[in-house]
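# A structural walkthrough
The primary structure of each chain is shown beneath.
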Amino acid sequence: MSKRILVCLVGLPASGKSTLCSAVKKQQTIYSIEHICYDKHISTVDHASNPSAWNKARQNLNQKIVNMVSTSAENTHKNTVFLLDDNFYYRGMRKEIFHIAQRHSCVFGQIVFRVSKELAISSNKGRENTIVTEETIQKMSNLLEYPSEAWEKHVLHLQELEVFTESTLAARIDKVISFLGYLCEQAAEEDPAEELRRKDADREKSLNDKVQQLELILRKIISQKIKDDRRAGSKIPYSVYSEAKSLFLEEIKTESDCFIEQPNSNESVSLRFSKFFDQALVNHTKSEG
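These lines cover the structure that appears in this document, whether it is placed above or below. This structure is a prediction, so every number in the text was calculated from the model and none was measured.

Reading guide: rules and limits
Residues numbered from 1 in each chain as written. Predicted model: local features only at pLDDT ≥ 70, side-chain atom pairs only at ≥ 80, totals over all residues. Heavy atoms only, no water. Helix = DSSP H or I, 4+ residues; strand = E, 2+ residues; numbered from the N terminus. Buried < 20%, exposed > 50% of the residue type's maximum accessible area, 1.4 Å probe, protein only. Contact = heavy atoms within 4.5 Å. Areas by Shrake-Rupley, 256 points an atom, 1.4 Å probe, with all protein chains shown as cover. Phe/Tyr/Trp six-rings, centres within 6.5 Å; stacked < 30°, edge-to-face > 60°. Lys NZ or Arg CZ within 6 Å of the ring centre and 35° of its normal. Axes fitted to C-alpha atoms, helices over the stretch in contact; angles between N-to-C directions. Parallel < 35°, antiparallel > 145°, perpendicular 65-115°, else oblique. Nonpolar A, V, L, I, M, F, W, Y, C, P; charged D, E, K, R; others polar. Pairing = 2+ DSSP bridges. Polar contact = N/O pair within 3.5 Å; in protein donor to acceptor, adjacent residues only side chain to side chain. Salt bridge = Lys/Arg side-chain N within 4 Å of Asp/Glu carboxyl O. Arc of directions from axis to C-beta.

Of regular secondary structure, the protein chain possesses 11 helices and 5 strands. In the protein chain, which comprises 289 residues, the share counted as buried stands at 39%. Sequence separation of at least 24 residues holds for 81% of the intrachain contacts in the protein chain that already meet a minimum separation of 6. Accessible surface for the protein chain amounts to roughly 16700 Å². Of this, 49% is attributable to carbon and sulfur atoms.

Rendered as structure tokens:
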């Protein structure tokens, strides 16, 4: 079954993200690649003058990505890679994409461009359409949060290049393609709600299995106790033993967390059963009186 992979490109403006994405998409044929450049979708909205509209435009683009991810599920021939070309300097920005990966069973990864602000400013001046100010790059450099959380486990770091040539670009392309191959081997992120349901189901099954084992032990204990009581001349009705068993199992279910973790020997079960048997016997005596 084909996989869907969401990759956040993290780094300062003019650090080579778009150039590398275009080159990877052009030169490889293994994956179906979607290169989504955030600047092309939200560059008309200025964050400084209208942050509300900027955030709305970003949310709309993320929703578009969700729709593309859902549609790509129909592609069963190739793994689909979404190269999300943005600065992603805040961890929260990347967390939004991670949540999309969780909800839609995608693999999540990040490619980090370790470029100094000096090189980014210099490269930015050489771009044909300079849409980022030097002040903005300075600010992003101070705010950039590199991957460090537990959920940011699949990361490729690309160090700053002293000289940018065709050979250095080719080497970077190879690294990225190798990284994509690594991501294809990883398990998709799991929806927290689904993970919780699975854990609950596993716990319930474990509890039921444990209760079934207990019932087998209790049958032997009750059978032996009835024999011992009969030899001693006791005429305790079977309903008392049955009630004691029900009380025992009911309490066990309420303390399932600690109960499941601890093995129960016949001796320990017998000792606990005695307490409930005494209670059931008192209840029987009161009802008889």
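Aromatic ring pairs: the centre-centre distance and the angle between the two ring planes describe each pair. Scanning all chains against the criterion turns up 8 aromatic pairs. Measuring from centroid to centroid gives 4.6 Å for Tyr89 and Tyr90, while their planes differ by 45 degrees, and the two rings are tilted. Here Phe98 and Phe108 contribute two aromatic rings whose centre-to-centre distance is 5.5 Å and whose plane-to-plane angle is 75 degrees, an arrangement assigned as edge-to-face. With Phe98 in helix α4 (residues 91-103) and Phe108 in strand β4 (residues 107-114), this residue pair connects regions lying 10 residues apart in the sequence. Each member of the pair Phe98 and Phe108 is classed as buried. Following the ring pairs from residue to residue traces out a cluster consisting of Phe98, Phe108 and Trp151. In this arrangement the basic side chain of Arg114 is found over the ring face of Tyr146, its NZ or CZ atom lying 3.7 Å from the centre.

Another point: the packing of helix α1 (residues 17-27) against helix α7 (residues 166-184). Between α1 and α7, the least distance of the axes is 10 Å, while the angle of their chain directions is 70 degrees. With respect to α7, the element α1 is oriented roughly perpendicular. Here α1 contributes Leu20, Ala23, Val24 and Gln27 to the contact with α7, which in turn contributes Leu169, Arg172, Ile173, Val176 and Ile177. When the residues that make up the contact of α1 with α7 are grouped by side-chain class, the tally is 7 nonpolar, 1 polar and 1 charged.

Next up on the list: unusual backbone geometry. Positive phi, normally seen in glycine, also occurs at Ala14, with a value near 65 degrees. Inspection of the secondary structure puts Ala14 in the loop between β1 (4-10) and α1. Here Ala14 falls in the buried class, since its relative accessible area comes to 16%.

Moving on, we come to the sheet that holds strand β5 (residues 155-159). With respect to topology, 5 strands assemble into an open sheet ordered β2-β3-β1-β4-β5, the strand pairing being parallel. The outermost strands of the open sheet, each flanked by one partner alone, are β2 (32-37) and β5. Between one strand axis and the next, the sheet turns through 20 degrees on average, direction left out of account. With 6 bridges connecting them, β2 and strand β3 (residues 80-85) associate as parallel partners. Counterpart to Cys37 in the pairing with β3 is Asp85. Each of β1, β2 and β3 touches helix α3 (residues 51-72); the most contacted strand, β3, lies at about 170 degrees to it.

As for its placement among the helices and strands, Asn62 is situated in helix α3. For Asn62, a relative accessible area of 9% corresponds to the buried category. A polar contact is formed between the side chain of Asn62 and the side chain of Glu96, at a distance of 3.0 Å.

This next bit is on the pattern of salt bridges. What the rule picks out here adds up to 6 salt bridges. It is possible to trace a salt-bridge network through shared partners that takes in Arg91, Arg94 and Glu152.

Another aspect to go through is the pairing of β1. By the criterion of burial, β1 is predominantly enclosed, with 7 of the 7 residues buried. Taken together, the 6 bridges between β1 and β4 define a ladder with parallel strand orientation. Bridge pairing in β4 places Val7 opposite Gly109.

In this section: helix α5 (residues 117-125). Turning to α5, its buried residues number three or more, namely Ala120, Ile121 and Asn124. The buried residues of α5 all sit within an arc of 100 degrees when viewed along its axis, so they share a single face. Residues of α5 that are exposed and angled more than 90 degrees away from the buried face: Glu118 and Lys125. Where the residues of α5 are buried, they touch α6 (134-143).

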